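# Coordinate analysis (summary)
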Amino acid sequence: DLLAAPAQILPVEKVDAAAIAVTIATARRTYDQVLIDLPMLWDDWVCAALESSDLIVLVLRLTIPSLRQARHQLDMLRSENLGNIPIFIVANAVESSLFGTIGVSLKDAEKALGQKIDFCIPKSTAMQVAAEMGQPLNEVGGGKSLEAKLASMMTEIFERIQTTPQTEATGT
């Protein structure tokens, strides 16, 4: 099931943090897993969604601007006392050659982030076509194998979170 964004664009300050918390609580009672795609900005309702999270998946690209933004996001999570929530880093649209990744290397990206990149999603024409056409990935030529990789990644993330003890956040 999908709870999609509203038809019209609303100013982010119009989204109510309490309504988000109630929506998430309702979804948690109905579903085993609830995935929320959040904007990159920080607002009260984004913090409310993150505070109720069991884990965070931060998706980035191996470019300097994307890594800089991801580092800011990681720093903000810590400054908001959300650093106790397990974070998985996913590098998206990774291009590879015989000699490694094209663009920023994984080693340099991890050094810039101060954290390991947990998963890499390869650059894929199927993913681009599916996004542009608004079709499920498995209905696009070449998409089934990438869909299987994504499903495997999500299974591994959920398995890891079930074996990772949650620690208490300490405020200062």
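Higher on the page you've got the structure.
With that settled, consider the packing of helix α1 (residues 17-30) against helix α2 (residues 44-51). Between α1 and α2, the least distance of the axes is 8 Å, while the angle of their chain directions is 25°. Relative to α2, α1 is oriented roughly parallel. Handedness of the crossing formed by α1 with α2: right-handed. Residues Ala 17, Ile 20 and Ile 24 of α1 form the contact with α2, whose own contacting residues are Asp 44, Trp 45, Ala 48 and Ala 49. Across the contact of α1 with α2, the residue classes break down as 6 nonpolar, no polar and 1 charged.

A one-sided burial pattern is seen for strand β5 (residues 119-122), the buried positions being Phe 119 and Ile 121 and the unburied ones Cys 120 and Pro 122. Bridge analysis of strand β2 (residues 87-94) against β5 gives 3 bridges, and the strand direction is parallel. By the bridge assignment, Val 94 is partnered in β5 with Pro 122.

A word on the pattern of salt bridges. Two side chains that carry opposite charge are able to pair once their charged atoms sit near each other. Within this structure, the stated rule accounts for 6 salt bridges. One salt bridge connects Asp 75 with Arg 71, and the closest N-O pair in it is separated by 3.2 Å. With Asp 75 and Arg 71 both in helix α3 (residues 64-79) and 4 residues apart, this pair spans about one turn of that helix. Judged by its relative accessible area of 32%, Asp 75 is partly exposed. By relative accessible area, which is 30% here, Arg 71 ends up partly exposed. With its nearest N and O atoms 2.7 Å apart, the salt bridge here joins Glu 156 to Arg 160.

Bringing the layout of surface pockets into the picture now. The computed volume of the second largest pocket comes to approximately 260 Å³. Along its surface, the second largest pocket is lined by 13 residues, and Arg 61, Asn 92, Ala 93, Val 94 and Lys 123 are the ones closest to its centre. The set of elements that each furnish at least two residues to the lining of the second largest pocket consists of β2 and α5 (125-133). Of the residues forming the lining of the second largest pocket, the biggest block, 3 residues, is contributed by β2. Residue composition of the lining of the second largest pocket, by class: 6 nonpolar, 4 polar and 3 charged.

Cut-offs applied
- Residues numbered from 1 in each chain as written.
- Predicted model: local features only at pLDDT ≥ 70, side-chain atom pairs only at ≥ 80, totals over all residues.
- Heavy atoms only, no water.
- Axes fitted to C-alpha atoms, helices over the stretch in contact; angles between N-to-C directions.
- Helix = DSSP H or I, 4+ residues; strand = E, 2+ residues; numbered from the N terminus.
- Parallel < 35°, antiparallel > 145°, perpendicular 65-115°, else oblique.
- Left-handed = near helix turned anticlockwise from the far one by under 90°.
- Contact = heavy atoms within 4.5 Å.
- Nonpolar A, V, L, I, M, F, W, Y, C, P; charged D, E, K, R; others polar.
- Buried < 20%, exposed > 50% of the residue type's maximum accessible area, 1.4 Å probe, protein only.
- Pairing = 2+ DSSP bridges.
- Salt bridge = Lys/Arg side-chain N within 4 Å of Asp/Glu carboxyl O.
- 1 Å grid on protein atoms, 1.4 Å probe; cavity = no way out; pocket = protein on both sides within 12 Å on 5 of 7 lines; lining within 4 Å.
- Points joined across faces, edges and corners; volume = space filled by probe spheres on them.

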